[in-house]
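Here is what each chain is made of, one letter per residue.
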Amino acid sequence: DTAVSQTPKYLVTQMGNDKSIKCEQNLGHDTMYWYKQDSKKFLKIMFSYNNKELIINETVPNRFSPKSPDKAHLNLHINSLELGDSAVYFCASSQAAGADTQYFGPGTRLTVL
Amino acid sequence: AQSVAQPEDQVNVAEGNPLTVKCTYSVSGNPYLFWYVQYPNRGLQFLLKYITGDNLVKGSYGFEAEFNKSQTSFHLKKPSALVSDSALYFCAVRDVSGGFKTIFGAGTRLFVKA
């Protein structure tokens, strides 16, 4: 019973393509996040939703668009993929925004060729 | 603005010896502090957190951390390291007074040698 799941686990695609990554949590949490981890393992917040409302929107190219159809799901759509988008993308959730522990998914390794 | 620093890229320790992974932070208000661990090809896992109260926080797998307000530090410690503790460790901080964003440090890779 995976708490935070992501699909796909691996994604290899060509430059210029559009792709989506899906995230689902079965913890009943109100808040979900997308992080990007680069090749040096640096972890950076991209977006966060609380009860389907966007609460964190970092300086991310507008080619990246999050969508939260309900509070258990937070998807990430990326348009016109570039080489620099290659990274591992982690979804996470927490009971509420802020101080609570975050639970991370297994990650999606995106490789743009 | 809030920030967190992990001054060591890598820490090497022999199995059975005590280990320390350092973390310092900067926030304008009171901090919420966290430690997470990442094993290869896995997501981050929560180890422990400091919100308020006792400065010594105990967490999973025998780890503990001490909140030191005067030194703005939150070092992770374990009395006796195991080979299985080898992983990437992240310190994280959130400023209680503003925003929902948690900032993660750059990570410290821990190698425990048998």
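Figured I'd write up the structure that's included with this text. Small disclaimer: the values here were computed from a predicted structure and weren't measured. (Residues numbered from 1 in each chain as written. Chains lettered and ligands numbered in written order. Predicted model: local features only at pLDDT ≥ 70, side-chain atom pairs only at ≥ 80, totals over all residues. Heavy atoms only, no water.)

**Here we look at the overall build of chain B**
Broken down by element type, chain B carries zero helices and 12 strands. Traced from its N-terminal end to its C-terminal end, chain B shows the element sequence β-β-β-β-β-β-β-β-β-β-β-β. Dimensions of chain B, computed from C-alpha atoms along their principal axes, come out at roughly 45 × 30 × 20 Å. Expressed as a percentage of the 114 residues in chain B, the buried residues total 46%. Put simply, 57% of the contacts in chain B that link residues at least 6 apart link residues at least 24 apart. A total of about 5,400 Å² of accessible surface is found on chain B, and carbon and sulfur atoms cover 50% of it. Within chain B, one finds 11 positive and 8 negative side-chain charges whose respective centroids are separated by 5 Å. (Helix = DSSP H or I, 4+ residues; strand = E, 2+ residues; numbered from the N terminus. Buried < 20%, exposed > 50% of the residue type's maximum accessible area, 1.4 Å probe, protein only. Contact = heavy atoms within 4.5 Å. Areas by Shrake-Rupley, 256 points an atom, 1.4 Å probe, with all protein chains shown as cover. Lys, Arg positive; Asp, Glu negative; His and termini not counted. Charge placed at Lys NZ, Arg CZ, Asp CG, Glu CD.)

**As for the overall build of chain A**
Counting secondary structure elements, chain A contains zero helices and 11 strands. Overall, chain A shows an N-to-C arrangement of helices and strands of β-β-β-β-β-β-β-β-β-β-β. For 113 residues, the compact-globule estimate of 2.2 N^0.38 gives 13 Å, and the C-alpha radius of gyration of chain A, at 13 Å, lies within 12% of that figure. Structurally, chain A occupies a C-alpha span of about 35 × 30 × 25 Å along its principal axes. Looking at the 113 residues of chain A, the share that counts as buried comes to 43%. Taking the contacts inside chain A whose residues are at least 6 apart along the sequence as the reference set, 55% of them involve residues at least 24 apart. About 5,400 Å² of surface is accessible on chain A, with carbon and sulfur atoms providing 48% of the total. Within chain A, the 11 negative side-chain charges are centred at a point lying 7 Å from the centre of the 12 positive side-chain charges. (Rg over C-alpha atoms; globule rule 2.2 N^0.38 Å.)

**Notes on the layout of surface pockets**
Approximately 350 Å³ is the volume attributed to the largest pocket. Along the wall of the largest pocket there are 25 residues; nearest its centre are Gln-37, Lys-41, Val-88 and Arg-109 of chain A together with Asn-41 of chain B. Looking at the lining of the largest pocket, the elements that each hand over two or more residues are β9 (87–94) and β11 (108–112) of chain A together with β10 (87–95) and β12 (108–113) of chain B. Split into classes, the residues belonging to the lining of the largest pocket amount to 11 nonpolar, eight polar and six charged. Here the second largest pocket is characterised by a volume of approximately 190 Å³. Lys-36, Asp-38, Phe-42, Lys-44, Ile-45, Met-46, Thr-59, Val-60, Pro-61, Phe-64 and Asp-85 of chain A together form the lining of the second largest pocket. The dominant element in the lining of the second largest pocket, judged by the number of residues it contributes, is strand β5 (residues 43–50) of chain A, at three residues. (1 Å grid on protein atoms, 1.4 Å probe; cavity = no way out; pocket = protein on both sides within 12 Å on 5 of 7 lines; lining within 4 Å. Points joined across faces, edges and corners; volume = space filled by probe spheres on them. Nonpolar A, V, L, I, M, F, W, Y, C, P; charged D, E, K, R; others polar.)

**Brief notes about the pairing of β10 of chain B**
Residue and element names in this part refer to chain B. β10 sits mainly inside the fold: nine of its nine residues count as buried. Relative to β10, strand β5 (residues 31–38) runs antiparallel, the two being bridged by eight bridges. Counterpart to Trp-35 in the pairing with β10 is Cys-91. Bridge count for β10 against β12 is three bridges, and the pairing is antiparallel. When the bridges of β12 are listed, Ala-87 appears paired with Leu-110. The pairing of β10 with strand β11 (residues 103–104) spans two bridges and is classified as antiparallel. (Pairing = 2+ DSSP bridges.)

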